[in-house]
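A structural walkthrough
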Amino acid sequence: VSLTAFLSYAPEDAAAGETVRAWLAAEQVAVTRGSPSPAGGPLSQTTLQTLGVARAVVVLLSQAAEADDHVRREMLYALGNGRPIIPVQLGDLNAEGWMRHLLENERRVDARPILRETAQPAITQAVKAALSDGRVIAMLNIKGGVGKTVLAANLFAAAHLLNHRSIAFIDLDPQHNLTQFFLPATERNRRRDANETLYSVFATKGPASIPKAKFARLAAPLNRGRAANKPRLDLVLGDERLFEYTLDMISPRDKEESFARFHALIASLRAQYDAVVIDTNPCATFLTRCAVTAADHIVAPVRPEKYSLMGLNLLEQITRMIRQRPVAPEEFSVLLNGFGERSRMTGGDIDIHTRQEIESAPFFGSALLPMAIPFSVMLRAPLADRYAANPVNTTAIMRFSQRALKETLTSAVAAIFARADAVPPMPAQPAAPQPVPVDHAPVVAQDA
Ligand SMILES: Nc1ncnc2c1ncn2[C@@H]1O[C@H](COP(=O)(O)OP(=O)(O)O)[C@@H](O)[C@H]1O
Ligand SMILES: [Mg+2]
C-alpha cells in the first residue's frame, strides 16, 4: 500500500518545494505533483486524478502562491474532494485573500521566513499524521427510508463493540434520527442549549456559533462507562435547525464559511478516530455537498424495490457533479438491506430481482457487497424509544439481536472498512467538468 502526499506550490517557490519533497521522501512518503497546464486553463487530467486520490495535500503558502491560479485551483479541488490539507506558510499573506481558510487550518506549519530548516520535523510530522488519519464514511442514498440511519448506528456500533474501532458519528440530517436513536430527549435538549450540536458548527455568527477551537471536543460520548484509554464511540449531535442549510436562506458567503467550518470539524475528528461516520438527509442539498466532499467512502443502503438502481445511478451522478471528477466503484459500498421480509407477498422475487439488477449494472455491480442485511424486527422497531434511556444502548443491540443479524452486520462493516481503507484507483474516464470556486460550486437542486 503506498500512501501519497500531493505537493502544491507556485513556480517561484520551486526551491522550497524541492526541499519539502526531499524531506518527505526521506521519511518514505511518496510525493506527487500536478502536471503543468496552460495558464488560466483547466487542471490537467493527471492533476485531477493524483490529487483526487492523495491521502494528504501539502501546499506552500506565499504571496506568489496566492497570485498563482494553478495553486488556487488545486486547493479548491482538494477542498472539494475532502483531502486533508497541510498548509506550510513561507511568507506573510493577505488575511482576506482566498488562502484565509488555509491559514486557519489547525495543521498549518509556520515555516517563515521562506522555509526555515527547523520547520522540517513539524512538516513531516503533520504529513505523517494526516496519512494515518481515520477514514470518513458517509451513509448516502438520495432515497429516504432505505436504512441509512439504522444501519449507520448498528454497523458501526458492531465495529466498535466487536472490533474495537473508535468511531465518531456526525448526524447531518436535520431530522436527526441518529441522535434520537442514541440519546434521550433530556440529553439532547441539554446539549442543544449548551451549543453542543452540529448546528453550532454550521452557524457562522449569532449566539449559537462556537469557535473552531471547540470542534475537537464537540462529540458526545455514547459509551459513558468506558475506560479512559479505550476506543471511543461518540456522536456530534444533529439539530433540526440544520434545515436552514437545506433552503435558500443562507448567503453564499456564509455557506462558504459553514462549508469550511464543517471541513475543519472533519479534519479534527479524523485525526482522533478510526472512522468518522456521517449520516445524511435523503435529498440532495448543501448538506449533501458537505457530506460528499468530506467522504472517502460512501455506503449506499438499498432496499429491495423496483427503482433502486435508478436511485443509485442518481447518487453516482450527484457525487460526480459535486466532486467535479469521475468517481470509481471502489469509492462506494452498496449494501442490500431488508431482505427476506416474509410478510411481503412478492418478498423473495423482489429480493432476487434487486440483487441481479445491481449485480449486472456496469458501475455499481462491483460496488455491491455480497451479504444482505436481513429484514428484522430489531431494526424495524423505533429503537429510540426502546433504548434511548440507556446510553450504552449499542451493547443492548448487540446482545439481544439474533445471531444471524449480528454476524451479517459484523461481516458487512468489515467489508466496508476494507473498501474504505484501500487505496482508491485512478478513475478511468476523462473528467469533463472543471473546478469552480467554492462559493459558486453547484448546490444540487433543493428538494424541500
Ligand atoms: N433491515 C431492516 N429490517 C427492518 N426494518 C428496517 C430495516 N432497515 C431499516 N428499517 C426500518 O425502516 C425505516 C427507515 O430506516 P432509516 O434507517 O430511518 O432510513 P433512512 O435513514 O435511510 O431514511 C425505519 O423505521 C427502520 O427501523
Ligand atoms: Mg435517516
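The structure under discussion appears in the preceding block.
An account of the accompanying structure is given in this report.

One pass over the structure, following the stated rule, counts 10 aromatic pairs. Judged by centre distance (5.1 Å) and plane angle (50 degrees), the ring pair of F202 and Y245 falls under tilted. Of this pair, F202 sits in helix α10 (residues 199–202) while Y245 is found in the loop between β9 (233–236) and α11 (252–270), placing the two residues 43 residues apart along the sequence. Accessibility classification places F202 together with Y245 in one group, the buried group. Relative to F262, the ring of F202 lies with its centre 5.6 Å away and its plane at 35 degrees, an arrangement referred to as tilted. Here F202 is found in helix α10, whereas its partner F262 is found in helix α11, with 60 residues between them in sequence.

This part is about the site of ligand 1. G145, T149, V150, N337 and L379 are the nearest of the 15 residues found near ligand 1. Measuring from an oxygen atom of ligand 1, one finds a backbone N or O atom of V150 at 2.9 Å. One of the backbone N or O atoms of P374 is found 3.0 Å from a nitrogen atom in ligand 1. At the level of secondary structure, the elements contributing two or more residues to the shell around ligand 1 comprise α7 (148–163), β12 (332–339) and α15 (377–380). For the shell around ligand 1, the leading source of residues is α7, giving 3 residues. For the shell around ligand 1, a count of residues per class yields 5 nonpolar, 7 polar and 3 charged.

Quick notes on the rules
Residues numbered from 1 in each chain as written. Chains lettered and ligands numbered in written order. Predicted model: local features only at pLDDT ≥ 70, side-chain atom pairs only at ≥ 80, totals over all residues. Heavy atoms only, no water. Phe/Tyr/Trp six-rings, centres within 6.5 Å; stacked < 30°, edge-to-face > 60°. Helix = DSSP H or I, 4+ residues; strand = E, 2+ residues; numbered from the N terminus. Buried < 20%, exposed > 50% of the residue type's maximum accessible area, 1.4 Å probe, protein only. Near = heavy atom within 4 Å. Polar contact = N/O pair within 3.5 Å; in protein donor to acceptor, adjacent residues only side chain to side chain. Nonpolar A, V, L, I, M, F, W, Y, C, P; charged D, E, K, R; others polar.

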